[in-house]
Amino acid sequence: MSGWLVVAGLGPGAEAMITPEVTAALAQATDVLGYIPYVARVAPRAGLTLHPSDNREELDRAQHALALAAAGGRVVIVSSGDPGVFAMASALFEALEARPDLYGLEIRILPGITAMLAAAAAAGAPLGHDFCCLNLSDNLKPWALIETRLRLAAAADLAMAFYNPRSRARPEGFARALDLLREVCGPDRLITFARAVSTPAQEIRTVTLAAATPGMADMRTVVLLGNSQTRRVGPWVYTPRSAP
Ligand code: SAH
């Protein structure tokens with residue numbers, strides 16, 4: 001039997017947010033690879049080998065998965081949320097680029113519910129008009145580029161979602177991002193901190209930029225910044241569908 005390789009999104013945390021096609025792929029797998037806490041979400045069973053690895057080893061993990069599938073394994077790489085959003089799908093294709101001999105391998109990318117969409121749903125509809133999505137980690141790009149993109153997105157009055165708000169390599173980065181946004185968007189702009197969305201530890205907090213502090217975010221938080229029209233309605237936050 002020939003092998004295949006799936007890159008699957010496990011969603012933000014809740015079992016109910018895992019898609020049926022991801023569940024089916026995991027049920028057929030011989031090998032599951034991924035970052036330690038994501039592999040821990042997969043139940044062990046006979047015939048399945050779990051390969052948890054550290055967060056910094058994405059390319060090694062992708063190469064390992066390709067080798068296992070090429071040898072006939074039914075291989076699933078798991079990501080949290082969606083595998084195409086700051087996650088393993090790109091790492092897999094980066095590894096594949098160097099292996100033209102494997103271009104014929106059966107590969108499928110199975111989408112998942114990404115953190116910003118689960119967070120937006122929990123808060124109301126803060127991404128209801130045009131928005132963009134930025135990774136605030138400077139592991140794979142210079143901080144100056146992050147600042148340029150923040151300024152341009154703010155100038156375009158886009159709502160924004162921020163992943164990895166607190167970069168390990170540069171813990172002061174998020175404080176600088178908040179300063180920049182206060183300067184460009186003003187103190188009254190709404191910002192939502194959504195932590196551990198869809199898990200029992202979920203916390204959703206909306207404040208103005210004036211009241212926002214770097215400590216409100218950690219590595220389990222996705223941050224949603226409204227546009228100039230974003231407002232509260234009762235306990236909810238929403239962005240109107242039309243431009244002003
Ligand atoms: N592929 C993932 C993102 C990986 S980057 C996805 O599509 O969601 C890791 C970042 O995602 C975290 O630093 C955090 O900003 C965000 N994140 C992932 N799961 C989350 C959750 N349950 N609640 C809040 N933020 C989450």
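Caption draft 1: Focus on the site of the ligand. With respect to spatial proximity, 19 residues lie near the ligand, and among them D82, V85, T114, M219 and T221 are the closest. For the ligand, an oxygen atom lies 2.8 Å from a polar atom in the backbone of D82. Note that an oxygen atom of the ligand is positioned 2.7 Å from one of the backbone N or O atoms of M219. Contact with the protein chains hides 92% of the accessible area of the ligand, taken as 540 Å² for the molecule alone. For the shell around the ligand, the class distribution of residues is 12 nonpolar, 5 polar and 2 charged. Summarising the domain contributions, the shell around the ligand has at least three residues from each of domain 1 (4–113) and domain 2 (116–238).

Caption draft 2: Focus on the packing of helix α6 (residues 143–155) against helix α7 (residues 173–185). Interaxial distance between α6 and α7 falls to 10 Å at its minimum, and their mutual angle equals 25°. Of the possible angle classes, the one that applies to α6 and α7 is roughly parallel. You can see that α6 and α7 cross each other, and the crossing is right-handed. For the pair α6 and α7, the contacting residues are W143, E147, L150, R151 and A154 in the first and G173, F174, R176, A177, L180, L181, E183, V184 and C185 in the second.

Caption draft 3: Layout of the sheet that holds strand β2 (residues 31–35). With parallel pairing, the 5 strands of this open sheet are ordered in space as β3-β2-β4-β1-β5. Two strands close off the open sheet at either side, each with one partner strand: β3 (49–53) and β5 (106–110). Direction aside, neighbouring strands of the sheet carry axes that sit 15° apart on average. Note: β2 against strand β4 (residues 74–79), 4 bridges, orientation parallel. Within the sheet, the bridge partner assigned to L33 lies in β4 and is I77. Its contacts with the sheet put helix α1 (residues 20–28) on β1 (4–9), β2, β4 and β5, and the angle it makes with β1 is roughly 135°.

Caption draft 4: Focus on the pairing of β1. Most of β1 sits inside the fold, with 6 of its 6 residues counted as buried. Relative to β4, β1 runs parallel, the two being bridged by 6 bridges. Following the sheet pairing, A8 is matched in β4 by V78. Where β1 meets β5, 5 bridges bridge the pair, whose relative direction is parallel. Across the sheet, L5 pairs through a bridge with I107, a residue of β5.

Caption draft 5: Looking closely at the packing of aromatic side chains. This model, assessed by the stated rule, comprises 3 aromatic pairs. Where Y35 meets Y38, the ring centres are 5.2 Å apart and the plane angle is 85°; that geometry is what we call edge-to-face. Over the ring of W4 we find R108; its NZ or CZ atom is 5.6 Å from the centre of that ring.

Caption draft 6: Structural detail: the sheet that holds strand β8 (residues 159–163). Pairing is mixed in the open sheet, where 5 strands are placed in the order β7-β8-β11-β9-β10. The open sheet has two free edges, formed respectively by β7 (131–135) and β10 (203–208), since each of these has just one partner strand. Strand-to-strand twist of the sheet, defined as the mean angle between neighbouring strand axes without regard to direction, takes the value 20°. Where β8 lies against strand β11 (residues 221–225), 3 bridges are found, and the strand directions are antiparallel. Its bridge partner lying in β11, M160 is registered against L225. Packed onto the sheet, helix α5 (residues 115–123) meets β7, β8, β9 (190–195), β10 and β11 and runs at close to 65° relative to β11.

Caption draft 7: Seen up close, the nonpolar core. Ranked by internal contacts, the top residues of the largest apolar core, which has 25 residues, are L150, M160, F162, L181, I191 and F193. Not counting residues up to four positions away in its chain, the partners in contact with F193 are F174, E203, I204, R205, V207, A212, T213, M216, A217, T221, V222 and V223. Core analysis: the next-biggest nonpolar cluster, separate from the first, contains 17 residues, L5, A65, A69 and I77 among them.

Caption draft 8: Up close: the domain arrangement of the chain. Domains assigned within the chain are domain 1 (4–113) and domain 2 (116–238). Using only C-alpha atoms to locate each centre, domain 1 and domain 2 end up separated by 28 Å. Contact with domain 1, which involves 9 residues of that partner, is made by 10 residues of domain 2. Summed over the three residues of domain 1 that lose the most area to domain 2, namely P12, R56 and F86, the buried surface amounts to 59% of that side. Taken together, the connections running from domain 1 to domain 2 amount to 0 salt bridges.

Analysis parameters
Along each chain, residue indices are assigned from 1 in the same order as the chain's sequence is written. Side-chain atom pairs in this predicted model are given and counted only at pLDDT of 80 or more, local residue features only at pLDDT of at least 70, and totals for whole chains, interfaces and linings cover all residues. Excluding hydrogens and water, the side-chain values take into account all heavy atoms of the structure. Put simply, a residue is near a molecule or strand once any heavy atom of it comes within 4 Å of that molecule or strand. The term polar contact refers here to a pair of N or O atoms within 3.5 Å; inside protein, the definition further demands a hydrogen-donor-capable atom paired with an acceptor-capable atom, and it admits residues adjacent in sequence only when both atoms are side-chain atoms. For the area figures, the Shrake-Rupley method with a 1.4 Å probe applies, and any residue is considered shielded solely by the protein chains shown. Side-chain classes follow a simple rule in which Ala, Val, Leu, Ile, Met, Phe, Trp, Tyr, Cys and Pro form the nonpolar group, Asp, Glu, Lys and Arg form the charged group, and the remainder, Gly included, forms the polar group. Domain delimitation follows an automatic or database domain assignment. Geometry is summarised by axes, namely lines fitted to C-alpha atoms with helices restricted to the contacting stretch, and by angles between N-to-C directions that run from 0 to 180 degrees. For the purposes of this entry, the term helix denotes a DSSP run of H or I that reaches at least four residues, the term strand denotes a run of E that reaches at least two, and both are numbered from the N terminus. Angular relationships are summarised with four words: roughly parallel below 35 degrees, roughly antiparallel beyond 145, roughly perpendicular across 65 to 115, and oblique for the angles in between. Take the far helix as your reference; a near helix turned counterclockwise from it by less than a right angle gives a left-handed crossing, and one turned clockwise gives a right-handed crossing. We call two residues in contact when some of their heavy atoms are within 4.5 Å. What makes two strands pair is DSSP finding at least two bridges between them. Only protein chains enter the accessibility calculation, which uses a 1.4 Å probe; a residue is then buried when its area is under 20% of its type maximum, exposed when over 50%, and partly exposed in between. Two rings belonging to Phe, Tyr or Trp (six-membered ring only in the last case) form a pair when the distance between their centres is within 6.5 Å. Interplanar angles under 30 degrees mark stacking, angles over 60 mark edge-to-face geometry, and anything in between is tilted. Criterion for a charge above a ring: Arg CZ or Lys NZ at most 6 Å from the ring centre, at most 35 degrees from the ring normal. Throughout, nonpolar core names a set of buried Ala, Val, Leu, Ile, Met, Phe, Trp, Tyr and Cys residues whose side chains join them through atoms within 4.5 Å. We define buried area as the total accessible area lost by two parts upon association, computed with a 1.4 Å probe and summed across both. One side-chain nitrogen of Lys or Arg within 4 Å of one carboxyl oxygen of Asp or Glu is enough to make a salt bridge.

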